[in-house]
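The chain contents come next:
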Amino acid sequence: MATGPAPRPMVLVIDEDLLFSIRVENTLRKLGYEVLVTSNPDEAVAIAETNPLSLMILNYGREALRPLETTVRLKHAYQAAPLLGFLSHKLIPEQRAAA
């Protein structure tokens, strides 16, 4: 009985920065991952509820992504996948000014 190729690990990228998202997506695809990208936190949760994710990547510096709320919702929707949160170096001055 022949079997097809093993499914590729799936990564979810949640970010509003289109250029960064494209770079991450291209890099992950070259490494053999299937990549889903969204800039909508509600869509991210829906994706996490319906896909076997290997990793979730979330930009914590974008207020519109509601990073803390989204983290809780993502981990509740799909607890098995690790969540990598990051803060873009471009946003550090904005974060300092807001503090």
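Turning to the nonpolar core, a few remarks are in order. Grouped together as the largest cluster of nonpolar side chains are 13 residues, with contacts concentrated most on Leu-12, Ile-14, Ala-44, Ala-48, Leu-53, Met-56 and Leu-74. Taken together, the elements giving at least two residues each to this core come down to strand 1 (10-14), helix 2 (41-50) and strand 3 (53-59). Considering every element that reaches this core, the biggest residue donor is helix 2, with 4 residues. Sequence-distant contacts of Leu-53, defined by excluding residues within four places in its chain, comprise Met-10, Leu-12, Leu-36, Ala-48, Tyr-78 and Ala-81.

Take helix 3 (residues 67-77) next. For helix 3, the set of buried residues is Pro-67, Thr-70, Thr-71 and Leu-74. What you see down the axis of helix 3 is that its buried residues fit within an arc of 105°, all on one side. Those residues of helix 3 that are exposed and angled more than 90 degrees off the buried face are Leu-68, Val-72 and His-76. Residues of helix 3 that are buried in the fold lie against strand 1, helix 2, strand 3 and strand 4 (83-86).

Before going further, it helps to spend a moment on unusual backbone geometry. Positive phi, close to 45°, is recorded for Arg-66, a residue that is not glycine. Considering the arrangement of structural elements, one finds Arg-66 in the loop between strand 3 and helix 3. Taking relative accessible area as the criterion, Arg-66 reaches 30% and is therefore assigned partly exposed.

Once the charged atoms of two side chains with opposite charge are near each other, the side chains can pair. Inspection of every chain in the model, using the stated rule, returns 5 salt bridges. Asp-42 is paired through a salt bridge with Arg-66; the nearest N and O atoms lie 3.1 Å apart. Remark: Arg-66 occurs in the loop between strand 3 and helix 3 and Asp-42 occurs in helix 2; sequence separation between them is 24 residues. A single network of salt bridges, built from pairs that share partners, joins Asp-42, Arg-66, Glu-69 and Arg-73.

The next subject is the sheet that holds strand 3. One open sheet holds the 4 strands; their spatial order is 2-1-3-4, and the pairing between them is parallel. The open sheet has two edge strands, strand 2 (34-38) and strand 4, and neither has a second partner. The mean inter-strand angle of the sheet, taken between neighbouring strand axes irrespective of direction, is 15°. Note: strand 1 against strand 2, 5 bridges, orientation parallel. Bridged to Val-11 within strand 2 is Val-35. Against the sheet, helix 1 (residues 18-30) contacts strand 1, strand 2, strand 3 and strand 4, and its axis sits at roughly 170° relative to strand 2.

Attention shifts here to the packing of aromatic side chains. Tallied over the full model, the rule gives 1 aromatic pair. Seen from their ring centres, Phe-20 and Phe-86 are 5.0 Å apart, and the 40° between their planes marks the pair as tilted. Taken together, the residues Phe-20 in helix 1 and Phe-86 in strand 4 connect sequence positions 66 residues apart. When its relative accessible area of 32% is taken as the criterion, Phe-20 is described as partly exposed.

Rules and cut-offs
Residues numbered from 1 in each chain as written. Predicted model: local features only at pLDDT ≥ 70, side-chain atom pairs only at ≥ 80, totals over all residues. Heavy atoms only, no water. Core = buried A, V, L, I, M, F, W, Y, C linked by side-chain atoms within 4.5 Å. Buried < 20%, exposed > 50% of the residue type's maximum accessible area, 1.4 Å probe, protein only. Helix = DSSP H or I, 4+ residues; strand = E, 2+ residues; numbered from the N terminus. Contact = heavy atoms within 4.5 Å. Arc of directions from axis to C-beta. Salt bridge = Lys/Arg side-chain N within 4 Å of Asp/Glu carboxyl O. Pairing = 2+ DSSP bridges. Axes fitted to C-alpha atoms, helices over the stretch in contact; angles between N-to-C directions. Phe/Tyr/Trp six-rings, centres within 6.5 Å; stacked < 30°, edge-to-face > 60°.

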